[in-house]
Every structure is written in C-alpha cells, then in structure tokens.
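# Structural overview
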Amino acid sequence: MSSRRHGIAGDLRHQITTGRIKAGERLPSEADLARQYMVSTPTLRSALAVLEREGLVEKIHGKGNFVRRPLRKITYVGGWGSLDPSTAADAALRVTVRRTAIRAHGHLTTLLRVPNGSPLTEYFCLSHEGESPHSLARIYVPRDLTPTAALGDGSACERMAMGFAVLNPPPVEVRETVCARLPTPDEASTLRTSSAVAVLAITRVVADSTGRVIEVAHLVFPGDRVDAVFTTHHVINERRTQG
C-alpha cells in the first residue's frame, strides 16, 4: 500500500510541477482517481494526504481537491504590530473581521491582568488571498476601551483590526512573544494548512503609560506565508558636564 500511495503521489506531483495540472485546477473526484490508478479509495486518499502535507494540494470541504496556488508572503512589522501595507497590497489580501463580546478567562486574565469574568471584546480577523485563507488574529480589548462605533462603518478600530495592528494607539510598551509551533486542529482547519507544517505564532501584549494592558493579540501565520521584521533602536544616554 505504501509503494502504491507514493507512486500515485509521485505521478500527481509530476503533473502539478510540470504544469499539466495547473494551479487552482480541481482534481478529478477521488472515486475517478481511484479507478484511474486502480486502487481503493483509502489508498488514493492517503496519496492525496502526502501532497497536502507538501502544500501542493488542498481539500476544500464540499468542493473537492484543488492544486494549491502558491501564496505570496506578507511582512509583519514587529514592535508596533501591523502588516506591512506594501506587501499586504501586493498579496491582494482581504480581511474579514468579526467582533464578539466575551468574558476574560484562563490565560487571558493573566495576560490582560484582569479578574476572571471581566468584560472584553474579541476581534477575530481572518485574511484571505483569493479564496485561500492566509493568516488569522484574535485581538482582545477591555470592554471599556472598545470604540462604540459598530464594525462596518469605516471606523478606525475596524481599519486597524484589518491590518492586525494595535487597536488602541498610542501604546507605550509592546511586548511580542514569537514562537514556531505546529498548528492546533482549529488553526489547521481555519487556515486550510497541514497539521504537520509549522506556523509562526505571535502573542502581542500592549500597555499604556499607566502600565495598564490595553490589548492582547494572538496572531497565527503559516510559516511559508510571512516574514516577521523586528527593528531595535539603541538609545544612547548623553551626559552633559556642567561648567
């Protein structure tokens, strides 16, 4: 079964990389492919899973298996928290934003330094390039700092969320924790990426001049779709000698 699986995967890989099957094209149905290669449906699905893990094929529920279009990279600018407008525009990204009223719980209470059950607003932001999910963010803001304007009216809050940017400027301190890890099942499903391919996960904590945490953001980018850029400015203390 293993040799048949890899043989099928190799043949389809060759057709994809040589352009016989083009990016965005729907593959024949699994039943048709199984008949074509004279294997069982489970063996055929196992071969497709190999190509999914390689990022060549993506399975869209209810539609079938498609040759994955290569997604261009965008740049996340650290220290302020934003998608670089030039690369975001180049990638023709569109971002959907969903706002939900929730209560602080679990790790959020620690990050936001608020009691359990404190009222928060969650912004769930999902970027797309064409029909393919590109990256996601969950941004949490204390309810009393949430703008009263509703989403969809061109509010500054919506525009900032659509760039994954800090929602409550001007921040005094932005602390970002960056790690590479495997996606959770929910992240892999939402981003339609392989659970075996690492994501770049950024946890951003923003505080104001009083030290109050005004925002926590969890950002997730598949590793092949983003560059994260962090710039450090060294401050030189100058001492003046009084004469």
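Structure first, text after, so check above.
Conventions adopted
Residues numbered from 1 in each chain as written. Predicted model: local features only at pLDDT ≥ 70, side-chain atom pairs only at ≥ 80, totals over all residues. Heavy atoms only, no water. Helix = DSSP H or I, 4+ residues; strand = E, 2+ residues; numbered from the N terminus. Contact = heavy atoms within 4.5 Å. Areas by Shrake-Rupley, 256 points an atom, 1.4 Å probe, with all protein chains shown as cover. Pairing = 2+ DSSP bridges. Axes fitted to C-alpha atoms, helices over the stretch in contact; angles between N-to-C directions. Parallel < 35°, antiparallel > 145°, perpendicular 65-115°, else oblique. Nonpolar A, V, L, I, M, F, W, Y, C, P; charged D, E, K, R; others polar. Buried < 20%, exposed > 50% of the residue type's maximum accessible area, 1.4 Å probe, protein only. Lys, Arg positive; Asp, Glu negative; His and termini not counted. Salt bridge = Lys/Arg side-chain N within 4 Å of Asp/Glu carboxyl O.

So, about the overall build of the protein chain. Secondary structure assignment for the protein chain yields seven helices and eleven strands. Excluding contacts between residues fewer than 6 apart, the proportion of contacts in the protein chain whose partners are at least 24 apart in sequence is 63%. Accessible surface, the protein chain: about 13,400 Å² in total, of which carbon and sulfur atoms supply 53%.

Okay, the environment of valine 172 next. On the secondary structure map, valine 172 appears in the loop between helix H6 (156-162) and strand S8 (173-181). Distance from valine 172 to valine 206, taken between C-alpha atoms, is 7.7 Å for residues 34 residues apart in sequence.

Ordered in space as S4-S3-S11, the three strands form an open sheet in which the pairing is mixed. Pairing within the sheet leaves two strands with one partner each, and these edge strands are strand S4 (82-83) and strand S11 (226-229). Note: strand S3 (residues 74-77) against S11, four bridges, orientation parallel. Within the sheet, the bridge partner assigned to tyrosine 76 lies in S11 and is alanine 228.

Quick look at the packing of helix H2 (residues 30-37) against helix H3 (residues 41-53) now. Running from N to C, H2 and H3 point in directions that differ by 100°, and their axes come no closer than 9 Å. When the axes of H2 and H3 are compared, the pair comes out roughly perpendicular. Contact residues: Glu30, Leu33, Ala34 and Tyr37 in H2; Thr41, Leu44, Arg45 and Leu48 in H3. Its residues placed into classes, the contact of H2 with H3 shows five nonpolar, one polar and two charged.

By the element assignment, arginine 68 lies in the loop between strand S2 (64-67) and S3. Despite its burial, arginine 68 remains without a salt bridge, the nearest opposite charge being carried by aspartate 224 at 4.3 Å. With sequence-adjacent residues up to four places away left out, arginine 68 is seen in contact with Ala23, Gly55, Leu56, Val57, Glu58, Asp224 and Arg225.

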